[in-house]
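# Observations on the model geometry
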Amino acid sequence: MTTITRKQQNPTAHLTPEDIEALGAELDAIRQEVLDSRGERDSAYIRKVVDVQRKLELGSRAVLLFSALPPAWLVGTAGLSVAKILENMEIGHNVMHGQWDWMRDPKIHSTTWEWDNASPSEGWKHSHNQIHHTYTNIVGKDNDLGYGIMRVDEDQRWHPRYLVQPMWNFINACIFEYGIAAYDLDLGRNLRKPKGDRAAGMKDPEFQRRAKQTLAKIRRQATKDYVVHPLLSAPTGSLLPTMAANAVANVVRNLWSHSVIMCGHFPEGVETFELASIPEKETRGEWYLRQMLGSANISGSKAMHLMTGNLSHQIEHHLFPDLPSSRYAEVAPKVQAVFEKYDLNYCSRPLVPQVYSAWHKVFRLSLPNGWMETTNKRNLPSQLKLLYKLATGDRKTRRVLTRALEMKAKAQREYAAAA
């Protein structure tokens, strides 16, 4: 992975400005066709999903009243995990995108929905809808790209702290709802500021207002899952099992949503962009092109698409974030045809290969450029010694060694190409 403008072969170099605007016009036509045909079947779909999710959650919590019994614990925990995933992915995420605002139903509207998550809807809508969807995969601007804790591009200078990024990414996956809440607040960015600026940022009235709102939301969520429902189970001796069931369901939901989102923007074959390469007045066609190349899909069954909130159609979602999620499968073949017409890579894989690809990149970018490429079973001991020198050396030593490593990797690539 390296920013698209620094690649030896830019995958968009064959497109003229006229091609890009024509591409945009074709995608606009696809979007408008769906807008013109929204109606009863769409509203019936989301109402059915909301109804099923609520009944599943209520039924699962009822079973957990008797969770001291192992079968009840297993059934209740599994049901609650699925209910939480459905609420976050197919309902909450998409409702807060405004996909169902056209129904004018105050119960299913982006301005009124508050989801089952640690992050308040107001903060999430700002960081996700406004920031992420505007600056998709722009290094340093899109906080969803690496969540602000990882090296996400080969052009980022390597530092020994990146060696632990696979561990940080796994921890973030387990507590993902709290990670979302933290970077909705720009907490990491504030903490990285110089001491004086950090103190000023923490005292900023707007930051304090949002922090207070987030802490209140976390307290409500924790009270519901770890106080109220366990206490309701206490008469049957199920207080602790119910508490454990809620914790497991939250972790399952976090791991699943983290995996789906990682698959959407981080696997091999997805492009990243430099802010300097983005035109000051980006045209509709240019914005569409960036969404196309900065997103990836997960192929699979209807059930899998439902459980991902149809973010398995991440490409279509980023092109048309305001369209009903249930229509993405319908427009996907038309979008793919546009990719093929303009000779662009439609990045789509099944779930397991896509998750593997994303995690492989996490590990690869945790290491200096070229280290994995030049490492094999025979030279592993010497490569580990080199990695130790890189991790413990000063800045000058790292610069010299990483440069030599990159040159070695380049020579190997050239030799393989010539052979």
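Residues numbered from 1 in each chain as written. Predicted model: local features only at pLDDT ≥ 70, side-chain atom pairs only at ≥ 80, totals over all residues. Heavy atoms only, no water.

Attention now moves to a positive patch on the surface. Among the surface-exposed residues, Arg 157, Arg 395, Lys 396 and Arg 399 lie close enough to one another that they form a single positively charged patch. Mapped onto the secondary structure, Lys 396 falls in helix α17 (residues 395–418). For Lys 396, a relative accessible area of 57% puts it in the exposed group. (Patch = residues over 30% accessible without salt bridge, like charges linked within 9 Å, V, L, I, M, F, W, Y side chains within 5 Å. Areas by Shrake-Rupley, 256 points an atom, 1.4 Å probe, with all protein chains shown as cover. Salt bridge = Lys/Arg side-chain N within 4 Å of Asp/Glu carboxyl O. Lys, Arg positive; Asp, Glu negative; His and termini not counted. Charge placed at Lys NZ, Arg CZ, Asp CG, Glu CD. Helix = DSSP H or I, 4+ residues; strand = E, 2+ residues; numbered from the N terminus. Buried < 20%, exposed > 50% of the residue type's maximum accessible area, 1.4 Å probe, protein only.)

What follows deals with the packing of helix α1 (residues 17–37) against helix α11 (residues 284–293). As a packed pair, α1 and α11 sit with axes 8 Å apart at the nearest point and diverge in direction by 80°. The angle between α1 and α11 places the two elements in the roughly perpendicular class. Residue-level contacts link Ile 20, Glu 21, Leu 23, Gly 24, Leu 27, Asp 28 and Arg 31 of α1 to Arg 284, Gly 285, Glu 286, Tyr 288, Leu 289 and Met 292 of α11. When the residues that make up the contact of α1 with α11 are grouped by side-chain class, the tally is 6 nonpolar, 2 polar and 5 charged. (Axes fitted to C-alpha atoms, helices over the stretch in contact; angles between N-to-C directions. Parallel < 35°, antiparallel > 145°, perpendicular 65-115°, else oblique. Contact = heavy atoms within 4.5 Å. Nonpolar A, V, L, I, M, F, W, Y, C, P; charged D, E, K, R; others polar.)

What follows covers a nonpolar patch on the surface. A contiguous nonpolar patch, built from Ile 149, Val 164, Met 167, Trp 168, Phe 170, Ile 171, Ile 175, Tyr 178, Val 251 and Leu 255 and spanning about 820 Å² of accessible area, is present on the exposed surface. Secondary-structure elements contributing two or more residues to the nonpolar patch are α5 (165–174) and α10 (239–265). In terms of residue count, the dominant contributor to the nonpolar patch is α5 (4 residues). With respect to the helices and strands, the residue Ile 175 is situated in the loop between α5 and α6 (176–184). Assessed through its relative accessible area of 41%, Ile 175 is described here as partly exposed.

Attention now goes to the pattern of salt bridges. Tallied over the entire structure, the rule returns 24 salt bridges. Residue Lys 334 is joined to Glu 33 by a salt bridge in which the shortest nitrogen-to-oxygen separation is 3.3 Å. Of the two residues, Lys 334 sits in helix α14 (residues 328–341) while Glu 33 sits in helix α1, which places them 301 residues apart along the sequence. Judged by its relative accessible area of 44%, Glu 33 is partly exposed. Put simply, Glu 57, Arg 61, Lys 84, Asp 116, Glu 177, Lys 224, Asp 225 and Arg 253 are held in one network by salt bridges that share partners.

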